[in-house]
Amino acid sequence: MKDLRCPLCHRPLLQNIQGLACVNRHQFDRAKEGYFNLLPVQNKHSLEPGDAKEQLQARRQFLQAGFFESLKLRLQELVPATTETLVDIGCGEGYFTAGFSEVMPRAQVYGIDIAKAGVRLAAKTSKERTGLTYCVASSFDLPLADDSMDVVTRIYAPSKDSELYRVIKPGGKLVIVAPGENHLLALRSRIYKEVRPHSLPETPAGFVRAEQHRVEEDLRVGERDMRASFLAMTPFAWKLAPELRDSILDGELRDTLDFMISVYSKN
Ligand SMILES: C[S@@+](CC[C@H](N)C(=O)[O-])C[C@H]1O[C@@H](n2cnc3c(N)ncnc32)[C@H](O)[C@@H]1O
Ligand SMILES: [Zn+2]
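For the structure given in this document, a descriptive report is provided here.

Analysis parameters
- Residues numbered from 1 in each chain as written.
- Chains lettered and ligands numbered in written order.
- Predicted model: local features only at pLDDT ≥ 70, side-chain atom pairs only at ≥ 80, totals over all residues.
- Heavy atoms only, no water.
- 1 Å grid on protein atoms, 1.4 Å probe; cavity = no way out; pocket = protein on both sides within 12 Å on 5 of 7 lines; lining within 4 Å.
- Points joined across faces, edges and corners; volume = space filled by probe spheres on them.
- Nonpolar A, V, L, I, M, F, W, Y, C, P; charged D, E, K, R; others polar.
- Near = heavy atom within 4 Å.
- Polar contact = N/O pair within 3.5 Å; in protein donor to acceptor, adjacent residues only side chain to side chain.
- Areas by Shrake-Rupley, 256 points an atom, 1.4 Å probe, with all protein chains shown as cover.
- Sits in = over half its atoms within 2 Å of the grid points.
- Salt bridge = Lys/Arg side-chain N within 4 Å of Asp/Glu carboxyl O.
- Buried < 20%, exposed > 50% of the residue type's maximum accessible area, 1.4 Å probe, protein only.
- Helix = DSSP H or I, 4+ residues; strand = E, 2+ residues; numbered from the N terminus.
- Axes fitted to C-alpha atoms, helices over the stretch in contact; angles between N-to-C directions.
- Parallel < 35°, antiparallel > 145°, perpendicular 65-115°, else oblique.
- Left-handed = near helix turned anticlockwise from the far one by under 90°.
- Contact = heavy atoms within 4.5 Å.
- Pairing = 2+ DSSP bridges.

A few points about empty space enclosed by the protein
Moving on, step 1. Inspection of every chain in the model, using the stated rule, returns 1 cavity of 30 Å³ or more.
Moving on, step 2. One number sums up the size of the largest cavity: a volume of about 40 Å³.
Moving on, step 3. Lining the largest cavity, in full, are Pro7, Leu38, Leu39, Pro40, Asn43, Ala137, Ser138, Asp141 and Pro143.
Moving on, step 4. Grouping the amino acids of the lining of the largest cavity by side-chain chemistry returns 6 nonpolar, 2 polar and 1 charged.

Take a look at the structure:
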């Protein structure tokens, strides 16, 4: 675990029987699902930070059904074959994280999320997979050593530029996935009077934009319980008036998926 550092004193974390520890005897036990909790209580600003369990479970159901498979396949193609270390920050229930690990059996892949419920769900599913480690931690204070990652992925999650810069190796890559201008346009236009286009993320300090890709396709959700999962995992859908919500649940859901993938290089 040479890539992981102690969230309290920043010294390297080494494996022991119970889990991980640093030279200053800060101990972090391995949970029974196989993940590590590296979020110090003082950095926990609420009892259950991050996405709620119900939201993560809905996302799990929707993603497992394959609705975001095109995005997963494109991301798998974009990761360089020479990657030795990758961290997926804000990994949620680990759909994309596990996807990276599948195509890079020799790499060490980390999934980090502030929501324990997400990390638990992710770790439970890939308990047997070597080279895939999940941690509860914040992307604003990553438990990773300086210059340790070949690739950082950030799929619909927050981050802090200086932390991204700190953990990526010189010449390493940062992959950010954000909604494109047509993403869920039909749903958004039923909620907002004026639908504002999503703007592209700004290039984080210390990086240069290397590539831009777009994955755009129709979304058709034929089953009622999948439509319910979709609404539960989409925060702005919570703003729907009850009658609109019911009409979406009862009718067929037709919309557009539009993802912008920005790839940056660290100078
Ligand atoms: C929309 S979900 C995306 C999850 C996953 N990347 C995916 O695409 O399936 C955003 C995730 O960011 C996590 N998150 C929010 N704030 C965070 C933080 N400060 N550090 C790490 N993760 C955070 C949430 O708990 C949630 O799982
Ligand atoms: Zn320590």
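As for the site of ligand 1
Moving on, step 1. Not every one of the 20 residues close to ligand 1 is listed here, only the nearest: Arg59, Gly90, Asp113, Ser139 and Ile155.
Moving on, step 2. In this structure, an oxygen atom belonging to ligand 1 sits 2.7 Å away from a side-chain N or O atom of Asp113.
Moving on, step 3. Interatomic distance of 3.3 Å between a backbone N/O atom of Ile114 and a nitrogen atom of ligand 1.
Moving on, step 4. For ligand 1, the protein covers 90% of the area, taking 600 Å² as the surface of the free molecule.
Moving on, step 5. Most atoms of ligand 1, that is more than half of them, are within 2 Å of grid points of the largest pocket.
Moving on, step 6. For the shell around ligand 1, a count of residues per class yields 12 nonpolar, 5 polar and 3 charged.

What about the pattern of salt bridges?
Moving on, step 1. On inspection of all chains with the given rule, the structure shows 15 salt bridges.
Moving on, step 2. Put simply, Asp3 and Lys2 hold a salt bridge, and the shortest N to O gap is 3.7 Å.
Moving on, step 3. The exposure class assigned to Lys2 is exposed, which follows from its relative accessible area of 70%.
Moving on, step 4. Of the charged contacts in the structure, one is a salt bridge between Lys169 and Glu84, with a shortest N-O distance of 3.7 Å. Separated by 85 residues along the polypeptide, Lys169 in strand β9 (residues 168-179) and Glu84 in the loop between α2 (69-78) and β5 (85-89) bring together distant segments of the chain.
Moving on, step 5. Looking at Lys169, the relative accessible area reads 22%, which means it is partly exposed.
Moving on, step 6. On the accessibility criterion, Glu84 (53% relative accessible area) is exposed.

Digging into the packing of α2 against helix α3 (residues 95-103)
Moving on, step 1. In contact at an axis separation of 10 Å, α2 and α3 are set at 40° when each is read in the N-to-C sense. Overall, the two elements α2 and α3 adopt an arrangement that is oblique. Where α2 crosses over α3, the handedness of that crossing is right-handed. Side by side, α2 and α3 meet where Glu69, Leu71, Lys72, Leu75 and Gln76 of the first sit next to Tyr95, Phe96, Gly99, Phe100, Glu102 and Val103 of the second.
Moving on, step 2. Looking at side-chain class alone, the contact of α2 with α3 contains 6 nonpolar, 2 polar and 3 charged residues.

Quick notes on the sheet that holds strand β1 (residues 14-15)
Moving on, step 1. Taken in spatial order, the 3 strands make up an open sheet running β1-β2-β3, and their pairing is antiparallel. Strand pairing shows two members of the sheet lacking a second neighbour, β1 and β3 (27-29), which therefore form its edges.
Moving on, step 2. Two strands pair when backbone bridges link them, and strand β2 (residues 19-21) and β3 are joined in this way by 3 bridges, in the antiparallel orientation. Note that in β3 the partner of Leu20 across the bridge is Phe28.

Some remarks on the layout of surface pockets
Moving on, step 1. The space that makes up the largest pocket amounts to roughly 730 Å³.
Moving on, step 2. At the level of secondary structure, the elements contributing two or more residues to the lining of the largest pocket comprise α1 (53-64), α3, β6 (108-113), α7 (224-233) and β11 (253-266).
Moving on, step 3. The element best represented in the lining of the largest pocket is α1, accounting for 4 residues.
Moving on, step 4. Here the residues of the lining of the largest pocket are counted per class, giving 22 nonpolar, 10 polar and 6 charged.

Geometric values such as these leave the question of function open.
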